[in-house]
Amino acid sequence: MNARKPLLLIVLPYLALFITLLLTYDRLPDPLASHFDARAIPDAWVSRAAYLGGTSGLATFLPALVVGLCFALRYFPDSLINVPNRTYWLAPERRAKMNVHFFQHSFWFGCLAILFVLGIHLCLVDANSQQPPRLSLLPLIVTAGGFLVGSLVWSLTLVWPYLKKVPHQESSAGSASRIS
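The notes below deal with the structure included here. What you see is a predicted model; the values in this text were computed from it and never measured. (Residues numbered from 1 in each chain as written. Predicted model: local features only at pLDDT ≥ 70, side-chain atom pairs only at ≥ 80, totals over all residues. Heavy atoms only, no water.)

What describes a pair of aromatic rings is the distance from one ring centre to the other and the angle between the planes of the rings. Across all of its chains, the model carries 10 aromatic pairs by this definition. Each ring, one from Phe71 and one from Tyr75, has its centre 6.1 Å from the other, and the planes form 65°; the classification is edge-to-face. Residue classification places Phe71 among the partly exposed positions, given a relative accessible area of 36%. Tyr75 sits in the exposed class, given a relative accessible area of 61%. Between Phe71 and Phe103, the ring centres sit 5.4 Å apart and the planes meet at 65°, which makes this aromatic pair edge-to-face. Within this pair, whereas Phe71 is found in helix α2 (residues 48–72), its partner Phe103 is found in helix α4 (residues 92–128), the two being separated by 32 residues in sequence. (Phe/Tyr/Trp six-rings, centres within 6.5 Å; stacked < 30°, edge-to-face > 60°. Buried < 20%, exposed > 50% of the residue type's maximum accessible area, 1.4 Å probe, protein only. Helix = DSSP H or I, 4+ residues; strand = E, 2+ residues; numbered from the N terminus.)

Structure representation (structure tokens):
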């Protein structure tokens, strides 16, 4: 994957989110119900401007945190990295490949997080379109469930290459002493 593809990958969900925010902004009351209790009844309210800022902030912060951490992984000392077959993957000849894999893979989680924020936004738009506001649980469960399943799939595909049996190398004892 070249350097532009991960960036393009994350731009598309951002466009979908921000276009949706713009198109639905006028449909939200001011203030709007922003939090609901276990019975789907609102128990917290916020201004539209604060809601827009918080939603945009969350959609920016969460992906940036994961992408940033995965980028910074290349600067972490080996002692802070815990992957299966650690000695093999942290060997100098494979460390750069591992860093690239984690960084590029992090953009997929960024997309997932943005789509989760979009789904929650659409649930809140729907809830606030009713009088009195009431959160529909099925769309919320589908959104949260999709995020959880997506996060699980993302996690498994992130570590899957490192779970495979690695070739035994005679220099692995030397590599282990360099890592310790």
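Let us keep going from here.
Bridge analysis of strand β1 (residues 32–36) against strand β2 (residues 42–46) gives 4 bridges, and the strand direction is antiparallel. Counterpart to Phe36 in the pairing with β2 is Pro42. (Pairing = 2+ DSSP bridges.)

On to the nonpolar core, then. Ile81, Val83, Trp89, Met98, Phe102 and Phe109 are the most contacted members of the largest nonpolar core, which totals 17 residues. Within the residue set of this core, elements represented by two or more residues are α2, α3 (86–89), α4 and α5 (137–163). Those residues in contact with Phe109, other than ones at most four positions away along the chain, are Leu62, Val66, Phe147, Ser151 and Trp154. Grouped together as the second largest cluster of nonpolar side chains are 12 residues, Leu9, Cys111, Ile114 and Val117 included. (Core = buried A, V, L, I, M, F, W, Y, C linked by side-chain atoms within 4.5 Å. Contact = heavy atoms within 4.5 Å.)

Side chains of Leu7, Leu8, Val11, Leu12, Leu15, Ile19 and Leu23 sit close together on the surface and give an oily, nonpolar patch of about 690 Å² of accessible area. Residue classification places Ile19 among the partly exposed residues on the basis of a relative accessible area of 45%. (Patch = residues over 30% accessible without salt bridge, like charges linked within 9 Å, V, L, I, M, F, W, Y side chains within 5 Å. Areas by Shrake-Rupley, 256 points an atom, 1.4 Å probe, with all protein chains shown as cover. Salt bridge = Lys/Arg side-chain N within 4 Å of Asp/Glu carboxyl O.)

A few words now on α5. When the terminal C-alpha atoms of α5 are compared, their 38 Å separation across 27 residues agrees well with the 39 Å that a helix rising 1.5 Å per residue should span. For α5, the set of buried residues is Thr143, Phe147, Gly150, Ser151, Trp154, Leu158 and Tyr162. The secondary structure elements touched by the buried residues of α5 are α2, α3 and α4. (Expected span 1.5 Å × (residues − 1).)

The geometry of helix α1 (residues 4–24) relative to α2 is characterised by a closest axis approach of 11 Å and an angle of 175° between their N-to-C directions. In this view, α1 runs roughly antiparallel relative to α2, as classed from their interaxial angle. Judged by residue contacts, Ile10, Tyr14, Leu17, Phe18 and Leu21 of α1 engage Leu52, Thr55, Ser56, Ala59, Thr60 and Pro63 from α2. Broken down by class, the residue content of the contact of α1 with α2 amounts to 8 nonpolar, 3 polar and no charged. (Axes fitted to C-alpha atoms, helices over the stretch in contact; angles between N-to-C directions. Parallel < 35°, antiparallel > 145°, perpendicular 65-115°, else oblique. Nonpolar A, V, L, I, M, F, W, Y, C, P; charged D, E, K, R; others polar.)

Our focus in this paragraph is unusual backbone geometry. Omega for the bond connecting Asp30 with Pro31 falls within 30 degrees of zero, at 5°, which places this linkage in the cis form. Looking at the element boundaries, Pro31 is found in the loop between α1 and β1. Here the amide bond leading from Gln131 into Pro132 is cis, since omega sits at -5°, within 30 degrees of zero. For Pro132, the location among the structural elements is in the loop between α4 and α5.

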